[in-house]
Amino acid sequence: MVLVASGGPPKWVGFKCPCGKGHDVLLNLDQGRRPTWTLTLSPKGKITIAPSIDYLDGGRRCHFFLRKSKILWAKDSIR
Ligand SMILES: [Zn+2]
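Below or above, wherever it landed, is the structure these notes cover. Per chain, the residues get numbers from 1 upward, laid out in the order the sequence is written. Local features in a predicted model are, by the rule used here, given only for residues with pLDDT of at least 70; side-chain atom pairs are given and counted only at 80 or more, and totals for whole chains, interfaces and linings are based on all residues. Side-chain metrics in this entry use all non-hydrogen atoms of the structure; hydrogen atoms and water are not considered.

## Quick notes on the pattern of salt bridges
A pairing counts as a salt bridge when a side-chain nitrogen of Lys or Arg comes within 4 Å of a carboxyl oxygen of Asp or Glu. Taken as a whole and judged by the stated rule, the model has four salt bridges. Put simply, Asp57 and Arg60 hold a salt bridge, and the shortest N to O gap is 3.9 Å. Between Arg61 and Asp76 there is a salt bridge, with its nearest N and O atoms 3.5 Å apart. On the criterion of sequence distance, the pair formed by Arg61 in strand S6 (residues 60-67) and Asp76 in the segment after strand S7 (70-73) is long-range, its members being 15 residues apart. Using a relative accessible area of 22% as the deciding quantity, one classes Arg61 as partly exposed. Burial classification: accessible surface area is computed with a 1.4 Å probe over protein chains only, and a residue below 20% of its type maximum counts as buried, one above 50% as exposed, and the rest as partly exposed. What makes Asp76 partly exposed here is its relative accessible area of 36%. Within this structure, Asp54, Arg61 and Asp76 form a network of salt bridges that share partners. The numbering of helices and of strands both runs from the N terminus, where a helix is a DSSP run of H or I of at least 4 residues and a strand a run of E of at least 2.

## Describing the side chain of His23
With respect to the element layout, His23 can be found in the loop between strand S2 (12-16) and strand S3 (24-28). For His23, a relative accessible area of 12% translates into the label buried. Residue contacts are defined here by distance: any two heavy atoms, one from each residue, within 4.5 Å place the two residues in contact. For His23, the contacting residues outside a window of four places in its chain are Phe15, Lys16, Cys17, Tyr55, Arg60 and Cys62.

## Quick look at the sheet that holds S3
Here, a strand pair is defined by DSSP locating no fewer than two bridges between the strands. Read across the open sheet, the three strands follow the order S1-S2-S3; overall the sheet is antiparallel. Edge positions in the sheet fall to strand S1 (2-4) and S3, since each of these pairs with one other strand and no more. In this sheet, adjacent strand axes meet at a mean angle of 20° when their direction is disregarded. Inter-axis angles, ranging from 0 to 180 degrees, are taken between N-to-C directions of lines fitted to C-alpha atoms, where helices are fitted over the stretch in contact.

## As for the coordination of the zinc ion
Only N, O and S atoms count as donors, using a 2.8 Å limit from the metal and a wider 3.2 Å limit for Na, K and Ca, and since water is excluded some coordination spheres may look unfilled. Listed as protein donors to the zinc ion are Cys17 (SG), Cys19 (SG), His23 (NE2) and Cys62 (SG); their distances from the metal cover 2.1 to 2.3 Å. When the donor residues of the zinc ion are listed from N- to C-terminus, their spacing reads C-x1-C-x3-H-x38-C. Residue Cys17 is found in the loop between S2 and S3, and its partner Cys62 is found in strand S6; the two are separated by 45 residues along the sequence. Like Cys17, the residue Cys62 is buried in the burial classification.

In structure tokens form, the structure reads like this:
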């Protein structure tokens, strides 16, 4: 997982999609832009991202939740 910041709170988070197809997911964390995701780090270093991550590409849909560093796939994902 990569966090991009320029002297302030992180602006972007990027990581390889857990679907295993090898594409990247890039999420905006800057509250001044839409859509915005919120990344929270637990004291134990577990990552939670809200809301869910919904990646659409052609006929594929990667829709999942990241809660405490665990991936929960949404039922409408097409993998
Ligand atoms: Zn994917």
